[in-house]
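Chain and residue survey
Each chain, letter by letter, is given below.
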Amino acid sequence: MGGGRSLGARALLALISAGPMSRGDLAERLGLSAATTTRTVRPLIEAELIEEQPPVEVAGPGRPTRLLAVVPSSATVAGIKLTDDRLYAVLTDPLGEVLISDSRPLTDTDAGCVTALIASVVAQLAQRSGRRPDAVGISLGAAVVGRRTVVVASFLGWRDVPLAAMVTEATGLPCVAANDVRAFAYAEARFGAGRGKDPFAMVTLGAGIGCGVVVAGEIVSGAQGAAGSVGHLPVDPSGPSCEIGHPGCARALASTSGILRAAARHLGCDAQELSLDLLLSPDMRRNDGVDDVLRRAALAVGRVVGTLIAYVDPELVVVSGEGVAVVETYREAFEKEVGGLRHWAAAPVPVLLRPFEFDEWARGAAALALDQWTVVAGGR
């Protein structure tokens, strides 16, 4: 996607990704001459999209350096995260700061009804904040092609839904859509722990198991919009089967539903009576069957992360999602599994475990919308 951007869009995206920098550093990052860089940023400064910050004193001889930075008030973008029963929404500025947020129940999953709800929520957020969005981004657990069409979203019962076009028609705003894990990874690479890491990878644990990989500032989506669909990779041939019959796949062992089902079998109860928090309590973990289920889940995640590292060799992997507490509790077993898959000559790759909030998923969608804004604003 980056190759088709105008120079202005590339400059905006560089300053969003790396933060304030001098003209010389921006020229080097974009591979441009000093003169071309000056011509590129001049109209952006005039349009008040970029500003020159006060001079920064440098050590030794030489003139103080003036840094270029994106103006925080130059844009507002909306990010929408869809689950099977809820919509989460945020407005952010170009620096990824959340300005306002909201969430609504998703009572009707018909694509037209969801589109109408998105339009209503975006309008209300704009009214409450006093800032009209410049673009909308939507993330959901789905295969999405071209940041436009939801090819399949099983949890919503959707196939071949032109979601971006539908939301644009309903709101009058540019819109992009993407898989939620990849959008989350993209936001983390732009504004979070993955900033400046290349490649960067994220693995999420929850209702499913997914991963997102960002290379050279671009999220890897794949030809069919399904890159990172690691949930059904076999990780333990002796493990239980997932809901569609794959024996010992990551989803069967380490998704929230997979863990709860396996624990319920040991405890002789209904999985709906359980939660991850309950299973992770000291009393529950004294049960050998529960302990085994949780340990196998952490090992399964370790196998996924270790394999990902072997294939991609990222600078950093972040593991997040509601299931991250399982990995944290059994971190020693997880790290041993990751280490066992490392090539003998390769240095260990840092793995960061951290909790999340659904607002962060919505911010991932906003990061995609911000990309769309740079295309439009940078072409001026």
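Thresholds applied
- Residues numbered from 1 in each chain as written.
- Predicted model: local features only at pLDDT ≥ 70, side-chain atom pairs only at ≥ 80, totals over all residues.
- Heavy atoms only, no water.
- pLDDT = per-residue confidence, 0-100.
- Helix = DSSP H or I, 4+ residues; strand = E, 2+ residues; numbered from the N terminus.
- Buried < 20%, exposed > 50% of the residue type's maximum accessible area, 1.4 Å probe, protein only.
- Axes fitted to C-alpha atoms, helices over the stretch in contact; angles between N-to-C directions.
- Left-handed = near helix turned anticlockwise from the far one by under 90°.
- Contact = heavy atoms within 4.5 Å.
- Nonpolar A, V, L, I, M, F, W, Y, C, P; charged D, E, K, R; others polar.
- Pairing = 2+ DSSP bridges.
- Core = buried A, V, L, I, M, F, W, Y, C linked by side-chain atoms within 4.5 Å.

Mean pLDDT over the protein chain stands at 90; residues scoring 70 or higher make up 96%. Of all secondary-structure elements in the protein chain, the lowest mean pLDDT belongs to strand β14 (residues 218-219), at 83, while helix α5 (residues 163-171) reaches the highest, 97.

Glycine aside, negative phi is the norm for most residues, and most peptide bonds take the trans geometry. With an omega of -5 degrees, the peptide bond between D198 and P199 qualifies as cis. For P199, the position within the fold is in the loop between α6 (180-191) and β12 (200-205). Phi at D313 takes a positive value of approximately 55 degrees, unusual for a residue other than glycine. Looking at where D313 falls in the secondary structure, it is placed in the loop between α11 (288-312) and β15 (316-320). Judged by relative accessible area, D313 falls into the exposed class, the value being 53%.

Contact geometry for helix α1 (residues 7-18) and helix α14 (residues 358-377): axes closest at 7 Å, N-to-C directions at 145 degrees. Crossing geometry of α1 relative to α14 is assigned as right-handed. Counting all contacts with α1, which are made through A9, L12, L13 and I16, the residues of α14 involved are L370, D371, W373, T374, V375 and A377. Looking at the contact of α1 with α14 residue by residue, the class counts come to 8 nonpolar, 1 polar and 1 charged.

Turning our attention to the sheet that holds strand β3 (residues 67-70). Read across the sheet, 3 strands follow the order β1-β3-β2 without closing on themselves; strand pairing throughout is antiparallel. What marks the edges here is a single partner per strand, and that holds for β1 (21-22) and β2 (50-52). Sheet analysis places β1 next to β3, joined by 2 bridges and oriented antiparallel. Note that in β3 the partner of M21 across the bridge is L68. Its contacts with the sheet place α1 against β1, β2 and β3, and it is angled at close to 95 degrees to β3.

Right, let's get into the nonpolar core. Among the nonpolar cores identified, the biggest contains 46 residues, and L12, L26, V77, F200 and W373 are the most heavily contacted of them. Among the elements that line this core, the one with the most residues is α14, at 9 residues. Non-local contacts of W373, meaning those with residues more than four positions away in its chain, are made with L12, I16, L49, S74, A75, V77, D134 and G378. With 43 residues, the next largest nonpolar core counts V203, V230, L308 and V317 among its residues.

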